[in-house]
Amino acid sequence: GMGESIIKLKQSPNYWQISPGNAGEEAGRLWPEFIKKGIIGIGWNDLGDLSKLKCKDNIPNDWGKNNTNSCWYFSHGMEKGDYVVVKKGNSKNIYGVGQITSEYFYKEERDEYKNIRKVDWIVTFDEAKDFPDLSQNFVQFTVSKLKKERFDEIRSFVMHISNMPLRKKTDLLKSKHQIIFYGP
């Protein structure tokens, strides 16, 4: 009838990888804060609030593909419920896996890495762990999409080497679908 809510299943989440900081060392420096505060951040502070970008075309042309894609994906592409793998620079070393729990926001009062999303960290390592390369190389963008198969490989590896509590393992295993209810 008229007033019924439509139940819309969020199709399986998307999977992303982020390499914060240009160089590996920078990722290492930022990582403890990201774990402690339950956030992930990227640079490009000079652009200001990325949510103001209405489409990729607003990003200056001379930026190159990495900057454009990374800023757009981080601010507009990712959604709550998606999963993120954090890695060290261009290496195959992984710092952790988490689930995105917020929309994008810009935090002016931060000194750096003002482009932020909140993350529920499922597995974190103090030192990045070398991931045996099970398939094609990691893309070298700061933010890029991962195929589900790739994410599953990483997830198995991470669970295998981590001593995380069982509850977290179950969360990671499920990678749950989200049901979103839209009101009348």
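These numbers were taken from a predicted model, which means no experiment stands behind them.

A. Structural context of the nonpolar core. Of all hydrophobic cores here, the largest spans 28 residues; its most connected members are Ile18, Phe34, Ile40, Phe74, Met78, Trp121 and Val143. Elements that contribute at least two residues to this core include exactly β2 (15–18), α1 (24–37), β3 (39–42), α2 (64–77), β4 (83–87), β5 (93–100) and β7 (115–130). Once you skip the residues sitting within four places of it in the chain, Phe34 turns out to touch Pro20, Ile39, Ile40, Gly41, Arg110 and Trp121. Within the second largest apolar cluster, 14 residues are counted, among which are Val85, Ile122, Val123 and Ile154.

B. Molecular detail of the confidence of the model for the protein. In the predicted model, the protein carries a mean pLDDT of 79, and the fraction of residues at 70 or more is 71%. Confidence scores differ between elements of the protein, with strand β9 (residues 178–182) showing the lowest mean pLDDT of 44 and strand β6 (residues 105–106) the highest of 96. Taken as a whole, residues 1–9 scores under 50 in pLDDT and shows 16 contacts with residues more than four places along the chain or in a different chain. In the predicted structure, residues 177–184 sits below a pLDDT of 50 and forms 22 contacts with residues beyond four places in sequence or in another chain.

C. Geometry of the pairing of β4. Counted residue by residue, β4 has 5 buried out of 5 residues, so it is predominantly covered. In β4, alternate side chains face the same way, and those of Tyr83, Val85 and Lys87 on one face and Val84 and Val86 on the other are all buried. Both β2 and β4 contribute to a ladder of 4 bridges, which runs parallel. Note on β4: the bridge partner recorded for Gln17 is Val85. As paired strands, β4 and β5 are joined by 5 bridges and run antiparallel to one another. Opposite Val85, over in β5, you have Val97 as the bridge partner.

D. Just the pattern of salt bridges, in detail. Here the structure, examined in full by the defined rule, presents 8 salt bridges. Here Glu33 and Lys37 are joined by a salt bridge, their closest N and O atoms 2.8 Å apart. In this pair, Glu33 and Lys37 both sit in helix α1, 4 residues apart, roughly one turn of the helix. The exposure class of Glu33 is partly exposed, given its relative accessible area of 21%. Where Glu33 meets Arg110, a salt bridge forms, and the shortest distance between an N and an O atom there is 2.6 Å. Separated by 77 residues along the polypeptide, Glu33 in helix α1 and Arg110 in the loop between β6 and β7 bring together distant segments of the chain. Because the salt bridges share partners, they merge into one network encompassing Glu33, Lys37 and Arg110.

Conventions adopted
- Every chain's residues receive numbers from 1 upward, in the order its sequence appears when written.
- Two thresholds apply to this predicted model, a pLDDT of at least 70 for residue-level local features and 80 or more for giving and counting side-chain atom pairs, whereas whole-chain, interface and lining totals are computed over all residues.
- Side-chain numbers come from the whole structure's heavy atoms, not from hydrogens or water.
- Among buried residues, the Ala, Val, Leu, Ile, Met, Phe, Trp, Tyr and Cys ones that are joined through side-chain atoms within 4.5 Å form a nonpolar core.
- The cut-offs for exposure are 20% and 50% of the maximum accessible area for each residue type, with area from a 1.4 Å probe on protein chains only; residues under the lower value are buried, those over the upper are exposed, and the others partly exposed.
- Secondary structure counts use DSSP, requiring at least four H or I residues in a row for a helix and at least two E residues in a row for a strand, with both numbered from the N terminus.
- The contact definition used throughout considers only heavy atoms, calling two residues in contact when any of these lie within 4.5 Å.
- Per-residue confidence from the predictor is given as pLDDT, running between 0 and 100.
- Pairing between two strands requires that DSSP report at least two bridges joining them.
- The rule for a salt bridge is simple: a side-chain nitrogen of Lys or Arg has to be within 4 Å of a carboxyl oxygen of Asp or Glu.

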